[in-house]
Amino acid sequence: MSVQYERDGTIGYIWLRRPEVHHALNRQMVEDLGIAIEQCAHTPNLRVVILAAEGSSSFCAGADLTERSRMSVEDVRRFVRELSFTFTHLSKLRVPVIAAMTGNAFGGGLELAMAADIRILAERASVGLTETSWAIIPGAGGTQRLPQLVGVGKAKELIYTACRISAREAWRIGLVQQIAPQEEVLKQAETMAAVIAANGPVAIQQAKKALDMGSHLTLEERLQLEQEAYERVIGTQDRLEGLRAFQEKRKPIYRGE
């Protein structure tokens, strides 16, 4: 399969596996990605997912333009709708997703990374939403997710110019959260995943829900959403375990209960 799901304890991995074409997204790969995401959604006691690409200098080159050139207009419509649906499914996983970007990400590849919660990028890599240079626009969430990350003005600049920016610039504007040498990106993602996995899983899931759902609400509605999320954690055994661990001066052991 061009995408494969693996699990190591409480951490899941979604591996992109089309290195010969820099993990360009064709129809089969999008289907395989959807299957992997569904497997994540139904894995019990999963706490973090790492999205990574195997064996290539690129994270994801975007849509497979060789396949795209053979598509009818209706085929393109269906493909872009499926791509957007799949990326949204990834973004709505109950657990955090870390994109370990060991190489370049352009077009749909960057849109895929933006569907993750956190992005770690190789320091020599470049990224960009380059669609307008091909007389199209980002169609899998790029026009909506990019402004949330970098602001509307910067998003317009990047999309209108179709420019490719360096890892350091991507970090400076908040598009990625960390940069690292290519050989350290996955390790850094795994270190962060381990830290997240050690925290209260119900609390992490509720925090993600409150953060994601509150972006388009009024302040009063966001505060109400936060209170509702807090109500879901206050009665958990994990919260009591955290208090006991503090009193006993030890690390808490959370069970998601």
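See the structure shown above.
Residues numbered from 1 in each chain as written. Predicted model: local features only at pLDDT ≥ 70, side-chain atom pairs only at ≥ 80, totals over all residues. Heavy atoms only, no water.

Draft legend 1. How the structure looks around the pairing of strand β3 (residues 48-53). Of all the six residues making up β3, six are buried; the element is thus mostly covered by neighbouring parts of the structure. The side-chain alternation of β3 yields two buried faces, one formed by Val48, Ile50 and Ala52 and the other by Val49, Leu51 and Ala53. One ladder, built from six bridges, connects strand β2 (residues 11-16) with β3; its direction is parallel. Counterpart to Leu16 in the pairing with β3 is Ala53. Handedness of the crossover joining β2 and β3 through helix α1 (residues 27-41): right-handed. Note that β3 and strand β5 (residues 97-101) share four bridges and pair parallel. Counted as the bridge partner of Val49 is Val97 from β5. (Buried < 20%, exposed > 50% of the residue type's maximum accessible area, 1.4 Å probe, protein only. Helix = DSSP H or I, 4+ residues; strand = E, 2+ residues; numbered from the N terminus. Pairing = 2+ DSSP bridges. Right-handed = clockwise from strand over helix to strand, strands pointing away.)

Draft legend 2. Local environment of helix α3 (residues 73-91). Between its terminal C-alpha atoms α3 stretches 27 Å, which fits the 27 Å expected from 19 residues at 1.5 Å a residue. Residues of α3 that are buried: Asp75, Phe79, Leu83, Thr86, Phe87, Leu90 and Ser91. All buried residues of α3 fall inside an arc of 140° around its axis, so they share one side. Along α3, the residues that are exposed and aim more than 90 degrees away from the buried face are Val73 and Phe85. (Expected span 1.5 Å × (residues − 1). Arc of directions from axis to C-beta.)

Draft legend 3. The packing of α1 against α3, seen in detail. Direction vectors running N to C along α1 and α3 enclose 25°, while the axes themselves pass 10 Å from each other. Taken together, the axes of α1 and α3 lie roughly parallel to each other. α3 is crossed by α1, and the crossing has left-handed handedness. Contacts from Arg27, Val30, Leu33, Gly34, Ile37 and Glu38 of α1 reach α3 at Asp75, Phe79, Glu82, Leu83, Thr86, Phe87, His89 and Leu90. Of the residues that constitute the contact of α1 with α3, the class distribution is seven nonpolar, three polar and four charged. (Axes fitted to C-alpha atoms, helices over the stretch in contact; angles between N-to-C directions. Parallel < 35°, antiparallel > 145°, perpendicular 65-115°, else oblique. Left-handed = near helix turned anticlockwise from the far one by under 90°. Contact = heavy atoms within 4.5 Å. Nonpolar A, V, L, I, M, F, W, Y, C, P; charged D, E, K, R; others polar.)

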